[in-house]
Amino acid sequence: TTKFRDGLAKTRDVFVGQVADLFSRRKKIDEAFFEELEEILIGADVGVNTVMELIDELRAEVKKSRIEDPSELQPILSEKLVGLLKGSGESVELNVQPSGITVILFVGVNGVGKTTTIGKLAWRFKQQGKSVLMAAGDTFRAGAIEQLEVWGQRVGVDVIRQNAGSDPAAVMFDAVQEAKRRGVDVLLCDTAGRLQNKANLMEELSKIHRVIQREIPGAPHETLLVLDAATGQNALQQAKLFGEKSGVSGLVLTKLDGTAKGGIVIAIRHELSLPVKFVGLGEGMDDLQQFDAEQFVHALFA
Ligand code: GDP
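Notes on the structure in this doc start here. In this text the structure is predicted, and so the values were computed from the model without any measurement. (Residues numbered from 1 in each chain as written. Predicted model: local features only at pLDDT ≥ 70, side-chain atom pairs only at ≥ 80, totals over all residues. Heavy atoms only, no water.)

**Examining helix H4 (residues 48-65)**
The test is simple: Helix and strand labels come from DSSP, where a helix needs a run of H or I of at least four residues and a strand needs a run of E of at least two; each type is numbered from the N terminus. The span you would expect from a helix comes to 1.5 Å times its residue count less one. Buried residues are those whose accessible area, probed at 1.4 Å on protein chains only, stays under 20% of the maximum for their type, while exposed residues exceed 50% and partly exposed ones sit between those limits. The directions from the helix axis to the C-beta atoms are what the arc is built from. Two residues qualify as a contact provided that any one of their heavy atoms is within 4.5 Å of a heavy atom in the partner residue.
Counted at 1.5 Å a residue, the expected span for H4 with its 18 residues is 26 Å, and the 26 Å between its end C-alpha atoms agrees. For H4, the set of buried residues is Thr-50, Val-51, Leu-54, Ile-55, Leu-58, Glu-61 and Val-62. In a view along the axis of H4, the buried residues occupy a sector of 125°, so they form one face of it. Exposed residues lying more than 90 degrees from the buried face of H4 are Lys-63 and Lys-64. Tucked into the core, H4 has its buried residues touching helix H3 (31-43), helix H5 (70-86) and helix H11 (264-271). Following H4 by one or two positions, Arg-66 has its phi on the positive side, about 50°.

Given below as structure tokens:
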């Protein structure tokens with residue numbers, strides 16, 4: 001909870017300040033009240049569609065329960081936000097296999113924090129006593145392989161790699177063989193994130209999927225799309241783009257600590273039926289937090 005609180009400081013400072021001010025300044029709930037609330041939520045990047053729906057629901061609630069005092073509305077707002085973040089209740093737990101290898105694929109645009117997230121997650125698994133291997137599947141971006149190796153050294157996990165420019169599917173094949181040979185618990189796979197050639201990238205990702213699936217039936221067990229929260233509505237666009245074609249099973253939202261626009265989590269959760277599984281709250285190996293809707297909203301208001 002403290003992690004959430006610290007990590008969301010920027011969003012909280014802006015969002016909570018404005019909301020608290022609104023709720024204490026305005027003595028009654030009227031049109032002007034809703035308009036101001038709408039502006040604050042849109043400003044926090046909750047997204048226009050989501051805000052409109054939310055405001056409509058709040059209006060209905062005010063009418064139904066004959067609420068007049070803004071302070072009575074605040075807990076209802078929190079509750080609605082928690083509801084939005086929970087979606088249809090999809091699990092935030094990773095689909096970790098009770099036995100055998102769990103394969104997790106990471107997709108997302110360059111620079112969003114994919115490598116960092118893989119490193120953090122490797123560390124998390126290691127702390128749980130699991131053996132981990134990483135696969136350097138981004139053979140396209142200069143430096144991507146070395147960067148993953150730096151994380152590997154930091155957290156004490158080996159990286160399976162080939163030379164830059166080699167076929168990522170071949171890297172995955174090697175990695176799966178090595179994971180089987182060693183009998184590791186978890187294989188974390190990086191992939192390329194170039195968007196210049198979307199069709200090629202999607203083709204590459206589906207080839208990687210096929211290779212992994214052929215070697216380990218049922219794998220990959222998770223395909224996590226990594227998004228940079230600081231890019232706001234852009235992150236939402238990326239989610240729509242990847243979500244359609246790459247078999248994404250969950251989201252990781254990074255860099256929440258660096259933005260006042262944490263409301264993007266709500267927009268993304270609302271517009272896509274994909275669970276946010278983790279959030280990144282810093283650059284260190286401990287700065288990855290499993291997502292929790294209640295804690296998140298609590299951290300926003302408390
Ligand atoms: P990739 O290109 O998607 O693999 O992105 P990287 O993992 O290299 O991350 C890009 C930059 O974002 C690096 O400087 C990371 O340290 C930083 N970064 C990643 N996740 C977070 C986060 O949750 N919070 C902060 N503040 N920085 C992050």
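**Section: the site of the ligand**
For clarity, the cut-off: If a single non-hydrogen atom of a residue is within 4 Å of a molecule or strand, that residue counts as near it. Side-chain atoms alone can form a polar contact between residues adjacent in sequence; in general such a contact is a pair of N or O atoms within 3.5 Å, and within protein one must be able to donate a hydrogen while the other accepts it. The accessible surface values rely on the Shrake-Rupley method and a 1.4 Å probe; as for residues, cover is taken only from the protein chains in view.
Surveying the vicinity of the ligand reveals 18 residues, the closest of which are Gly-111, Thr-115, Thr-116, Gln-147 and Glu-283. At 3.3 Å, a backbone N or O of Gly-280 approaches an oxygen atom of the ligand. Glu-283 places a polar side-chain atom, nitrogen or oxygen, 2.5 Å from an oxygen atom of the ligand. For the ligand, whose unbound accessible area comes to 580 Å², protein coverage reaches 80%. With 4 residues, helix H6 (residues 114-127) is the largest single contributor of residues to the shell around the ligand.

**Considering the packing of aromatic side chains**
Defined as follows: Two aromatic rings, drawn from Phe, Tyr or Trp (for Trp, its six-membered ring), form a pair once their centres lie within 6.5 Å of each other, and the interplanar angle then sorts them: stacked below 30 degrees, edge-to-face above 60, tilted otherwise. Geometrically, a lysine NZ or arginine CZ counts as sitting over a ring once it is within 6 Å of the ring centre and also within 35 degrees of the ring normal.
This structure, assessed with the given rule, holds 3 aromatic pairs. On the basis of an interplanar angle of 80° and a centroid distance of 5.7 Å, the ring pair of Phe-33 and Phe-34 is categorised as edge-to-face. Ring centres of Phe-291 and Phe-296 lie 5.4 Å apart, and the angle between their planes is 50°; on these two criteria the pair is classed as tilted. Classification of Phe-291 by relative accessible area gives buried; the value is 4%. For Phe-296, a relative accessible area of 0% puts it in the buried group. Every member of this aromatic cluster is reached through a ring pair, and the members are Phe-23, Phe-33 and Phe-34. The ring of Trp-151 has Arg-154 sitting right over it, with the charged end atom 4.3 Å from the ring centre. Seen from the ring of Phe-140, Arg-194 lies directly overhead, with NZ or CZ sitting 4.5 Å from the centre.

**A few points about the packing of helix H8 (residues 168-182) against helix H9 (residues 198-215)**
Using the following cut-off: A fitted line through C-alpha atoms represents every axis, and for helices the fit uses only the stretch in contact; the resulting angles, taken between N-to-C directions, go from 0 to 180 degrees. Here is the rule for angles: anything less than 35 degrees is roughly parallel, anything more than 145 is roughly antiparallel, 65 through 115 is roughly perpendicular, and the remaining ranges are oblique. Note on convention: the crossing is left-handed when the near helix lies turned anticlockwise from the far helix by less than a right angle, right-handed when the turn is clockwise.
Two numbers describe how H8 lies on H9: the axes approach to 9 Å, and their chain directions differ by 25°. Here H9 runs roughly parallel to H8, going by the angle between their axes. Between H8 and H9 the crossing geometry is right-handed. Residue-level contacts link Pro-168, Ala-169, Met-172, Phe-173, Val-176, Gln-177 and Lys-180 of H8 to Glu-204, Lys-207, Ile-208, Val-211, Ile-212 and Glu-215 of H9.

**Some details on the pairing of strand S2 (residues 132-135)**
Which entries qualify depends on this criterion: Only when DSSP finds a minimum of two bridges between them are two strands counted as paired. Seen with the strands pointing away from the viewer, any crossover whose path from the first strand over the helix to the second strand runs clockwise is right-handed.
Side chains of S2 alternate between two faces, with Val-132 and Met-134 and Leu-133 and Ala-135 buried alike. As paired strands, S2 and strand S4 (residues 186-189) are joined by 4 bridges and run parallel to one another. Counterpart to Ala-135 in the pairing with S4 is Cys-189. As defined by bridge partners, S2 adjoins strand S3 (residues 158-160) across 3 bridges and the pair is classed as parallel. Bridge assignment links Ala-135 to a residue of S3, and that residue is Ile-160. In this region the chain leaves S2, passes through helix H7 (residues 144-155) and returns to the parallel neighbour S3; the handedness of that crossover is right-handed.

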